[in-house]
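Inside the fold
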Amino acid sequence: MNKLAVMFAAACVLSLGVNAHMAGEKVAKLPTVNGGTDAQKEAVRKGAKEFCSDKEDEKREECVMDFYANHNLEEEPSCD
């Protein structure tokens, strides 16, 4: 019974981490089915650009990659 409780607690914690946004941003995630519309994808790209604009070059690229991953955008990140 204790093992079941521990596994359930771990699953809850992991699911919270997967659904978490990056601190301070408000762009909605893309749906995992069909990847979202072009307008939704553009909103994520624009959100990443704005959210990561204050970072240095290497940190900005990492920030954009994390932003895309957190919002289910499966494409090569661009910092432009």
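This text goes with the structure placed above it.
To start, this report covers the structure provided alongside it. (Residues numbered from 1 in each chain as written. Predicted model: local features only at pLDDT ≥ 70, side-chain atom pairs only at ≥ 80, totals over all residues. Heavy atoms only, no water.)

1. Here's the deal with the nonpolar core
Buried together is how nonpolar side chains tend to be arranged in soluble globular proteins. Operational definition: As used in this record, nonpolar core signifies buried Ala, Val, Leu, Ile, Met, Phe, Trp, Tyr and Cys residues forming a set joined through side-chain atoms within 4.5 Å. Relative accessibility thresholds used throughout: buried, under 20% of the residue-type maximum; exposed, over 50%; partly exposed, between the two (1.4 Å probe, protein chains only). Each helix is a run of DSSP H or I of at least 4 residues and each strand a run of E of at least 2, with the numbering of both proceeding from the N terminus.
Val 27, Leu 30, Val 44, Ala 48, Cys 52, Cys 63, Val 64, Phe 67, Tyr 68 and Leu 73 together form the largest nonpolar core, which totals ten residues. Looking at this core, the elements that each hand over two or more residues are α2 (38-51) and α3 (57-70). Residue contributions to this core peak at four residues, all from α3.

2. Some words on the pattern of salt bridges
How we decide: In what follows, salt bridge is the name for a side-chain nitrogen of Lys or Arg lying within 4 Å of a carboxyl oxygen of Asp or Glu.
What the rule picks out here adds up to three salt bridges. Between Glu 42 and Arg 45 there is a salt bridge, with the nearest N and O atoms lying 3.1 Å from each other. Within this pair, Glu 42 and its partner Arg 45 are both found in helix α2, separated by three residues, close to a single helical turn. A salt bridge links Glu 75 to Arg 45, with the shortest nitrogen-to-oxygen separation between them at 2.7 Å. On the criterion of sequence distance, the pair formed by Glu 75 in the segment after α3 and Arg 45 in helix α2 is long-range, its members being 30 residues apart. With relative accessibility at 30%, the residue Glu 75 sits in the partly exposed group. Exposure remark for Arg 45: the relative accessible area of 27% places this residue in the partly exposed category. A cluster of three or more residues bridged by salt bridges with shared partners is formed by Glu 42, Arg 45 and Glu 75.

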